[in-house]
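A closer look at the structure
Each chain is listed here by its residues.
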Amino acid sequence: MPTNAIEIKDLRFFYGREEVLKGVNLQVPEGSIFGFLGRNGAGKTTTIKLLLGLLKPKAGTCRVRQIDPQEDEIAVRRLVGYMAEDQQMYGWMRIEQIVKWVESFYPAWDDKVTNQLLDMLELPLKSKVKTLSKGQNSRLALLLALGHRPEVVILDDPTLGLDPIARKDFLRHVIDLLQSNGVTVFFSSHLLYEIEPVADHIAILDKGVIIKTGKTDQLRENIRKFILIPKPGNDFGRISGLLDVVKAGNSVSLTVEDCDDAKLTIIKQMANNSVQETALNLDEIFEAYVIGNRGKSGSV
Amino acid sequence: MAIFIRIEPSSSVPIYRQIIDQIKYQVVTGVLKEGDRVPSVRDLAAKLAVNQNTILKVYNELCRENVLKIERGDGTYVSSNKRSMPVVERKKAVANVLREAAVQAIHLEISIEQAKELLEKEYKIIKSAKNKTE
Amino acid sequence: MIMPLIWKEWHEQRWKLAFGTVVLLFFTGSFLAAKVTTERELLVVIWLLGGLVLSLYSAMGIFAVESSNNTTTFLASKPVKSWKVFACKWFFGWLNFAVPMLACSLFMAFNVLKMGPEYIFGLKSIIRGTTATVCMATMFYTMTCCLAKRKSSEAYVGFTGLVIFFIFFVHMIFTDRLVEPALDNIDLFYLQEIFFFINPLFWFTQIIPSSCDIHVGILFIVQALLFAVVIWIGLRKWQRSC
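This structure is a prediction, so every number in the text was calculated from the model and none was measured.

Turning our eyes to something else, we now look at the packing of aromatic side chains. We describe a pair of aromatic rings using the distance from one ring centre to the other and the angle between the two ring planes. Per the stated rule, a full pass over the model turns up 21 aromatic pairs over all chains. Arranged with centres 5.7 Å apart and planes meeting at 40 degrees, the rings of Trp92 of chain A and Trp7 of chain C form a pair that is tilted. One end of the pair, Trp92 of chain A, is in the loop between β5 (80-83) and α3 (95-103); the other, Trp7 of chain C, is in helix α1 (residues 3-34), on a second chain. Its relative accessible area of 22% is what places Trp92 of chain A among the partly exposed residues. Over the ring of Tyr16 of chain B we find Lys57 of chain B; its NZ or CZ atom is 4.1 Å from the centre of that ring.

Residue and element names in this part refer to chain C. One pass over the full model with this rule turns up 0 disulfides over all chains. Not engaged in a disulfide, the cysteine Cys88 finds its nearest cysteine sulfur in Cys145; these two sulfurs lie 14 Å apart. Under the relative-accessibility criterion, Cys88 is labelled buried at 6%. Free cysteine Cys146: the closest other cysteine sulfur is in Cys145, separated by 4.7 Å.

The strands that make up a sheet pair up through hydrogen bonds in the backbone, lying either parallel or antiparallel. Residue and element names in this part refer to chain A. The strand order β11-β12-β10-β13 describes an open sheet built from 4 strands, whose pairing is antiparallel. Of all the strands in the sheet, just β11 (242-248) and β13 (276-278) have a single pairing partner and so form its edges. For this sheet, the mean inter-axis angle between neighbouring strands, taken without regard to orientation, is 20 degrees. The strands that helix α10 (residues 282-291) touches are β10 (223-228), β11 and β12 (251-257); relative to β11, the one it contacts most, it runs at about 100 degrees.

This brings us to the interface of chain B and chain A. Taken together, the 21 residues of chain B in the interface contact 21 residues of chain A. Taken together, both faces of the contact between chain B and chain A bury some 1700 Å²; the carbon and sulfur share is 46%. When the buried area of chain B at its contact with chain A is split by residue, Ser12, Ala49 and Asn51 of chain B rank highest and sum to 29% of it. Along the contact surface separating chain B from chain A lie 2 salt bridges. Across the salt bridge formed by Lys57 of chain B and Asp217 of chain A, the nearest N and O atoms sit 3.0 Å from each other. Put simply, chain B and chain A have 12 residue pairs in polar contact (both at pLDDT 80 or more) between them. The set of elements that each furnish at least two residues to the side of chain B that touches chain A consists of α1 (15-28), α2 (41-48) and α3 (52-64) of chain B.

Residue and element names in this part refer to chain A. The buried count for strand β7 (residues 184-189) comes to 6 of 6 residues, which makes it a mostly enclosed element. Across the two faces of β7 the burial is the same, with Thr184, Phe186 and Ser188 and Val185, Phe187 and Ser189 all buried. As judged from the 5 bridges shared by strand β3 (residues 33-38) and β7, these two strands associate in the parallel manner. Across the sheet, the residue bridging to Phe34 is Phe186, located in β7. Relative to β7, strand β6 (residues 152-156) is paired through 5 bridges, and the arrangement is parallel. Bridge pairing in β7 places Asp156 opposite Ser188. For the crossover from β6 across helix α6 (residues 164-178) to β7, the handedness is right-handed.

Residue and element names in this part refer to chain B. The N-to-C vectors of α2 and α3 enclose an angle of 120 degrees; their axes lie 9 Å apart at closest approach. One finds that α2 runs oblique with respect to α3. Viewed along their axes, α2 and α3 form a crossing whose handedness is right-handed. For the pair α2 and α3, contact is made by Val41, Arg42, Leu44, Ala45 and Leu48 and by Gln52, Ile55, Leu56 and Tyr59, respectively. Residues of the contact of α2 with α3, tallied by class, amount to 7 nonpolar, 1 polar and 1 charged.

Another point: helix α1 (residues 44-51) of chain A. Residues and elements named next belong to chain A. The element α1 is largely enclosed, with a buried count of 7 among its 8 residues. All buried positions along α1 are accounted for by Lys44, Thr46, Thr47, Ile48, Lys49, Leu50 and Leu51. Gly53 occupies a position one or two residues after α1 and carries a positive phi of about 75 degrees.

What counts, and at which threshold
Residues numbered from 1 in each chain as written. Chains lettered and ligands numbered in written order. Predicted model: local features only at pLDDT ≥ 70, side-chain atom pairs only at ≥ 80, totals over all residues. Heavy atoms only, no water. Phe/Tyr/Trp six-rings, centres within 6.5 Å; stacked < 30°, edge-to-face > 60°. Helix = DSSP H or I, 4+ residues; strand = E, 2+ residues; numbered from the N terminus. Buried < 20%, exposed > 50% of the residue type's maximum accessible area, 1.4 Å probe, protein only. Lys NZ or Arg CZ within 6 Å of the ring centre and 35° of its normal. Disulfide = S-S within 2.5 Å. Pairing = 2+ DSSP bridges. Axes fitted to C-alpha atoms, helices over the stretch in contact; angles between N-to-C directions. Contact = heavy atoms within 4.5 Å. Buried area = accessible area lost by both parts, 1.4 Å probe. Salt bridge = Lys/Arg side-chain N within 4 Å of Asp/Glu carboxyl O. Polar contact = N/O pair within 3.5 Å; in protein donor to acceptor, adjacent residues only side chain to side chain. Right-handed = clockwise from strand over helix to strand, strands pointing away. Parallel < 35°, antiparallel > 145°, perpendicular 65-115°, else oblique. Left-handed = near helix turned anticlockwise from the far one by under 90°. Nonpolar A, V, L, I, M, F, W, Y, C, P; charged D, E, K, R; others polar.

Spelled out as structure tokens, the structure:
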């Protein structure tokens, strides 16, 4: 019976008076690469911090490998490899010093693996952390997260600020080092076209709740865009699963999820002409979910 | 054996399909010859920065369509066309693809003669590309 | 898991410690050499300078430095209990002013000893004064770094410290000038002590031996309670500041 590496149930969190997470539900299957999407400020970092016990939820629970970070945050942190968003580390330390320092917190630290990673990630031992470039900084943060051979790795926007080559290299390392070893990877990003090739599963967080979750390839297959010239007096809100309505001149494009024959018939009936169907890329899918006009405000 | 795959990240074609199409194109034009070894799932995934399960899906489908074959313990190779599916099945696979093209053509009011012309042209282009690599 | 924390804090704070010690010893030495004031007044100046200024400087540079460098998350996400991190930081910040003050007291004590047995009483007052001002500075330091707003910058912490100092200074004058004379007529001499209890400068009164030792015990307990409450507040703030 496949278990979930991470389980989040009805999680709520407030920053002062503002409710940032309004009941988040999420399951991350073991061994998957899970992409956590959302706009800036949607609450991705907050969710991740709650998973590590760095913050305390107002309500709800989250578990990493059945351990609740509110009960035993030390156990969760020993189990998880964590890379914070734009992780700043102690600039005065040399790389060899910071590796030794982090190592002293983890009984399970593996020196051999660490040395291999230092070579692979091309990190010069004697350099001070403050002299590292952004790419080197990210690679160092990744190394420090992986040195104790965690089985669950949580990365918060790991490619932030990296140039395109460095980003690709980083994702390459994630796939090669981690997926091959059955490690569960949970990472947040808003560079959607980047997540898609890499992630098995995707969840979209918006306005404090998960608005969509599913396998990456099914996400694409399920959603269709139709362009048509509509008959007057149509109420597009009738179409269930309608994500977005955009008008341009006298044409209308409808983005619909879970499109079956019945829905297709309804849509054809609304059209004056033939209906043109197109597929969408992940950016467009994300937009439809997050800022889509649901057409509920009435007819065309 | 390195193969050149380019993924268009913002395309609306799913990634696995892009890879399948590109490998097929390379086989058909002779860039990838029969018996050539393709990278392992792990290597190709790392090279393209694509999820290993996606690559696995690609290779599985290409094996099913007899474009590639897996030699246990040895790797994955470009299969020979000769020992492939029976004609009936091959025709069916092509008919599926042509159906979509036919819909487009009819929708855009391209006549059957014009469509035939276009198909012949594509055949010529690919065959000449194949001849160049041989 | 406390060794790596000690190592890190030591590495970060050792130059501040050296700086504080050198500066305070320099002032002590030069005042002494210039024979500006008597040894008694000199001690008070050194202890106030060391106690208040250095402890403020320490408080500014020990907790706020993590948030100004954005390393809070990096530190907080390590598998170690947050109270250990807090305690380690508090301790090294404490060393930053306690060591200079103790060094100066030792220097003064050495000087006094040199002058012969008729100055032995001076030694006692040095010990008493040192204890009092180190405790006062500890209280002031703890209040400043624990009560400052979460994620304050270093300057903001300094400002908080000045505000705390100002409040207690005013409070001390208030109790000294207004309350005490008023209480002379009322047989509630405990009240005077109660007013003093929240004042870390209460320790200042310990430099001069008190005539009512019986109340001092209560004051010590109350100060200890206040200290515990302030530490608890500071720890909660630290835990929430991630």
